[in-house]
Amino acid sequence: MKNDILNTSIEFLKGVGPNRAKLIKSELKILTFRDLLFQFPFKYIDKTSYHKISEIRSLKTEVQIIGSISDLKEIGIGNKKRIVAKFFDSTGTIELIWFKSSKWLIDSIKLNTKYIAFGKINIFKGKYSIAHPELELYDDLKLQQRTKLNAVYPSTELLNKRGINNKVICSLIEELLISVNNKIEENLPEYIIKKFKLLKRRESLIIIHKPRSITELKKAIYRLKFEEIFYLQIRLIKRNISRKEKIKGYTFNVIGDKFEDFFKNHLTFKLTSAQKSVLKEIRKDLGSGAQMNRLLQGDVGSGKTIVAFMSALIAIGNGFQACIMTPTEILSYQHYNKFNEICKLLNINMKVLTGSSKTKYKKELKLSLIEGDIDLLIGTHAIIYDGIVFKNLGIAIIDEQHKFGVAQRSKLWHKNNLPPHILIMTATPIPRTLAMSVYGDLDMSIINELPPGRKHINTIHQTNKDRLKLIDFVKLQISKGRQIYVVYPLIKESEKLDFKDLIDGYESFSRDFPMPDYQISIVHGKMKNEDKDYEMKRFIENKTQILVSTTVIEVGVDIPNATVMIIESAERFGLSQLHQLRGRVGRGSHNSYCFLITGDKRTKESKIRMKTMVSTNDGFIIAEKDLELRGPGNIIGTQQSGEMPLRITNLVADSQLIHKIRLLVMKILEKDPDLINVNNKIINNYLKLIINKKNIWEYIS
Ligand code: ADP
Ligand code: MG
């Protein structure tokens, strides 16, 4: 494959040349023949149907009109120079506009000759026009050869301006297909092609650019999705297998006295069966001799913390240290306070470390960590800063994972000879397909039930008009002894304004809920940590009834007596954030409520978000919707989005296919882990090809 024609620079394709190549590279990131081949159309249009000019009033899409040009002229000066033509048919007239002057264009257009014009309709001051239309001389014979499915490729304004419109891209693709036609090699084994009734690779790549029918196109798309998913899964699963083989971990032989003591004598509730089975999975990993790398997913309030704590107990009972990392200080202290008493009873030395820990305290802490005096360390990412060294860290538990980047995560590994076992707990459920694609190299546990007695959280969407009623409702709840959260968005870019909203809100709540009958806490990021803790503590101890805050309480905060969550400017939050915030209530046995307050004007997307929140409490359903609305990159964060190179697969729509292929790949690798079977050789070869490349994803499709 050394002289692979597909690696040829795009410059050398007939019709491109150095100038166009530069433009195509910068605008579309297309560098080689291969890149262009895998530049799939994003839609197809029907070029066998035509519009009359009188019909276009109701259309805003692309249209195709047969007509003639009268009156072609250049107007404006300098940058504003443009060519305007009147284009008419028997029913009316529109304008064709080119925002650049070109003598060539003016000379080549014939007046009063039949053309087919194609492009998007714009309306400006009641006038209809098409900017940079594709123009083609009307030709009866050619017309008959037109098909219903003409490829439309991604493009940019600049490309269009420079004359590289869709028609040009199509002709480049045409050239390309002629040059590479016989050079496209199959990359799936015959037995898979047969079993899944797939088209050949070469055929599919031609069809996706030049389909003759919908049926054919569907088959081609299916085949191309299939190989995209297949090679992604094979890489992920292979990585998982080799990690298990190569990365040895500490073996925890026993469940240990700490765990047993806690389980028998101190656990105040019955574990749910989901919690039990997850603990069993973890126990098995910890005894296996390989390093555990497990992702624990569970909806808000499903009880992940206790699973984390008990996993730590196994490590400690085996003579190792454990740490639990949280994304916020509030959460670190919440865990610390929750475990404090029980740790004393179990004779476990637990300490907490955050960014605001005092220097002297930190110094002592470092020493006793190295000495091995501390069994359990709870803290924020301060834990992974250099200079913190454990004597023998056996397990690192990362709570509410999405706040920690992968790079930070891997730092934890290098504390001692063998890497610690890693348990990652997600704040928000990740859609299954996304998890399989992005975290496919982690083992996965799911807590799919809530502790018994949990009540459905009633979610109500309101605008500011309903505020009086809301205040009455809140007063009623407080009179019953319950507590209330009020959350304001605080987003970096517009911090000042948001901050004002928060303070205004606090003041208005203070007026509606005056002292001494009511006490209100306020917590936000600009406060000193001591003040934050103080206010939080007053709320936890039920000394204040209302907590006005920013999203610092978004994850993890657990105060079962709080039953009302009021989210201000709810339209500004994403779905998973809303779900997280709502998850702060409904943690006890009382009825709970979440009020989403928005303005009257909302975008379509925010309407869908509110509707979704009102209609379901299920984090997994919400995660699916979030994925659909925002796309995978935004959900996982930019670091990982590089791992989501899917060109043609849609993680939501294709989830069943992904699942099916994942099972297939597992079966293949189970039987033939090194892919040496003669039937699988083709997979092996293709893998080698793509793995050797720096940016492998370019080659996967
Ligand atoms: P999350 O999964 O969101 O981190 P937590 O671990 O904070 O949830 O648990 C939420 C609440 O449920 C806590 O108050 C916890 O003590 C309680 N809890 C956890 N497991 C159970 C259980 N099996 N039965 C009853 N309550 C439980
Ligand atoms: Mg939690």
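Since the structure is predicted, the reported quantities are computational estimates derived from the model, not experimental observations.

So, about the overall build of the chain. Within the chain, the regular secondary structure consists of 27 helices and 21 strands. Counting across all 701 residues of the chain, residues that qualify as buried make up 51%. Counted over contacts in the chain with a minimum sequence separation of 6, partners at least 24 positions apart contribute 73%. Of the roughly 34,000 Å² that the chain leaves accessible, carbon and sulfur atoms contribute 53%.

Attention shifts here to the pattern of salt bridges. The full count for this structure, using the stated rule, is 22 salt bridges. Where Lys-127 meets Glu-95, a salt bridge forms, and the shortest distance between an N and an O atom there is 4.0 Å. Taken together, the residues span a long stretch of sequence, with Lys-127 in strand E6 (residues 127-131) and Glu-95 in strand E4 (residues 92-98) at a distance of 32 residues. Judged by its relative accessible area of 52%, Lys-127 falls in the exposed class. By relative accessible area, which is 18% here, Glu-95 ends up buried. Residue Arg-467 is joined to Glu-568 by a salt bridge in which the shortest nitrogen-to-oxygen separation is 2.7 Å. A residue pair is termed long-range when its members are at least 10 positions apart, and Arg-467 in helix H17 (residues 467-479) and Glu-568 in the loop between strand E20 (562-567) and helix H20 (575-582) qualify at 101 residues. Taking the relative accessible area as the measure of exposure, Glu-568 reaches 5% and is therefore buried. Where salt bridges share partners, they join Glu-186, Arg-201, Arg-223 and Glu-227 into one cluster.

What follows deals with the packing of helix H10 (residues 257-266) against helix H12 (residues 304-317). H12 packs onto H10 with a crossing angle of 140° between their chain directions and a minimal axis gap of 6 Å. Classified by the angle their axes make, H10 and H12 are oblique. Taking contact as the criterion, the partners of Asp-257, Lys-258, Phe-259, Phe-262 and Phe-263 in H10 are, on H12, Ile-306, Phe-309, Met-310, Leu-313, Ile-314, Ile-316 and Gly-317. Along the lines of polarity and charge, the residues of the contact of H10 with H12 split into nine nonpolar, one polar and two charged.

The strand order across the open sheet formed by seven strands is E11-E12-E10-E13-E14-E9-E15, and the pairing between neighbours is parallel. The outermost strands of the open sheet, each flanked by one partner alone, are strand E11 (350-353) and strand E15 (443-447). Averaged over all neighbouring strand pairs, the angle between strand axes comes to 20°, with direction disregarded. Two elements, E11 and strand E12 (residues 376-379), share four bridges in a ladder whose sense is parallel. Its bridge partner lying in E12, Lys-351 is registered against Leu-377. Contacts from helix H11 (residues 273-286) reach strand E9 (293-298), strand E13 (393-398), strand E14 (421-425) and E15, with the element oriented near 160° to E15. Its contacts with the sheet place helix H14 (residues 359-371) against strand E10 (321-325), E11 and E12, and it is angled at close to 135° to E11.

Our next topic: unusual backbone geometry. The omega angle of the peptide bond from Met-515 to Pro-516 is 0°, so this bond is cis rather than trans. Looking at where Pro-516 falls in the secondary structure, it is placed in the loop between helix H18 (495-512) and strand E18 (520-523). At His-132, a position not held by glycine, the phi torsion is positive, near 45°. For His-132, a relative accessible area of 18% gives the class buried.

Its 13 residues place the ends of H14 18 Å apart at the C-alpha level, agreeing with the 18 Å of an ideal helix rising 1.5 Å per residue. Buried within H14 we find Leu-365, Ser-368 and Leu-369. Buried residues of H14, seen end-on, are gathered within an arc of 105° and therefore sit on one face of the element. Across H14 from its buried face, at more than 90 degrees, point the exposed residues Thr-359, Lys-360, Lys-363, Leu-367 and Glu-371. Each element contacted by the buried residues of H14 is listed here: E10, E11 and E12. Where H14 terminates, the next one or two residues include Gly-372, which has phi positive at roughly 90°.

Looking at ligand 1, there are 17 residues lining it, with Lys-270, Gly-301, Thr-305, Arg-454 and Asp-558 nearest. Between Thr-272 and ligand 1, the recorded distance is 3.5 Å, taken from a backbone N or O atom to a nitrogen atom. A total of 570 Å² of accessible area belongs to ligand 1 in isolation, and the protein chains cover 88% of it. Looking at the shell around ligand 1, its residues break down into four nonpolar, six polar and seven charged.

Another aspect to go through is the sheet that holds E20. The strand order across the open sheet built from six strands is E16-E21-E20-E17-E19-E18, with neighbouring strands paired in parallel fashion. Each edge of the open sheet is held by one strand with a lone partner, namely strand E16 (457-463) and E18. If you compare each strand with its neighbour and ignore which way they point, the axes differ by 15° on average. Pairing analysis gives seven bridges linking E16 to strand E21 (residues 592-598), with the strands arranged parallel. Across the sheet, Ile-457 pairs through a bridge with Ser-592, a residue of E21. H20 rests against E16, strand E17 (483-487), E20 and E21 of the sheet, and its axis sits at about 150° to E20.

In terms of nonpolar packing, the biggest core is built from 41 residues, with Phe-262, Val-307, Phe-309, Phe-339, Leu-376 and Ile-397 touching the most fellow members. In this structure Phe-339 touches Thr-305, Phe-309, Ile-324, Met-350 and Ile-378, once residues within four positions along its chain are discounted. Counting 33 residues, the second-largest nonpolar core is a separate cluster that includes Ala-151, Val-168, Leu-176 and Ile-648.

Here the focus is a positive patch on the surface. A cluster of like positive charges, contributed by Lys-195, Lys-660, Lys-667 and Lys-671, occupies part of the molecular surface. Residue contributions to the positive patch peak at three residues, all from helix H25 (residues 655-671). Along the polypeptide, Lys-667 turns up in helix H25.

The terminal C-alpha atoms of H17 lie 18 Å apart, and with 13 residues this matches the ideal 18 Å at 1.5 Å per residue to within 8%. Residues Leu-470, Ile-471, Val-474, Gln-477 and Ile-478 constitute the buried set of H17. Summarising the axial view, the buried residues of H17 lie within an arc of 120°, below the 170-degree limit, and thus occupy one face. Among the exposed residues of H17, those oriented more than 90 degrees off its buried face are Leu-468, Lys-469, Asp-472 and Ser-479. Its buried side turned inward, H17 meets E16, E17, H18, strand E19 (546-549), E20 and E21.

This next bit is on the packing of aromatic side chains. Following the criterion strictly, the structure yields 16 aromatic pairs and no others. Note on Phe-226 and Phe-230: the rings are 6.4 Å apart at their centroids and 20° apart in plane angle, and the pair reads as stacked. In this pair, Phe-226 and Phe-230 are both assigned in helix H9 (residues 214-246), four residues apart and thus about one turn of the helix distant. Take Phe-226 and Phe-230: they sit in the same class, and that class is buried. These aromatic residues form a ring-pair network of at least three members: Phe-196, Tyr-222, Phe-226, Phe-230, Tyr-231 and Tyr-686. The aromatic ring of Tyr-138 is capped on one face by Lys-114, whose charged end is 4.7 Å from the ring centroid. If you follow Lys-475 out to its NZ or CZ, it ends over the ring of Phe-513, 5.4 Å from the centre.

About the thresholds
- Residues numbered from 1 in each chain as written.
- Chains lettered and ligands numbered in written order.
- Predicted model: local features only at pLDDT ≥ 70, side-chain atom pairs only at ≥ 80, totals over all residues.
- Heavy atoms only, no water.
- Helix = DSSP H or I, 4+ residues; strand = E, 2+ residues; numbered from the N terminus.
- Buried < 20%, exposed > 50% of the residue type's maximum accessible area, 1.4 Å probe, protein only.
- Contact = heavy atoms within 4.5 Å.
- Areas by Shrake-Rupley, 256 points an atom, 1.4 Å probe, with all protein chains shown as cover.
- Salt bridge = Lys/Arg side-chain N within 4 Å of Asp/Glu carboxyl O.
- Axes fitted to C-alpha atoms, helices over the stretch in contact; angles between N-to-C directions.
- Parallel < 35°, antiparallel > 145°, perpendicular 65-115°, else oblique.
- Nonpolar A, V, L, I, M, F, W, Y, C, P; charged D, E, K, R; others polar.
- Pairing = 2+ DSSP bridges.
- Expected span 1.5 Å × (residues − 1).
- Arc of directions from axis to C-beta.
- Near = heavy atom within 4 Å.
- Polar contact = N/O pair within 3.5 Å; in protein donor to acceptor, adjacent residues only side chain to side chain.
- Core = buried A, V, L, I, M, F, W, Y, C linked by side-chain atoms within 4.5 Å.
- Patch = residues over 30% accessible without salt bridge, like charges linked within 9 Å, V, L, I, M, F, W, Y side chains within 5 Å.
- Lys, Arg positive; Asp, Glu negative; His and termini not counted.
- Charge placed at Lys NZ, Arg CZ, Asp CG, Glu CD.
- Phe/Tyr/Trp six-rings, centres within 6.5 Å; stacked < 30°, edge-to-face > 60°.
- Lys NZ or Arg CZ within 6 Å of the ring centre and 35° of its normal.

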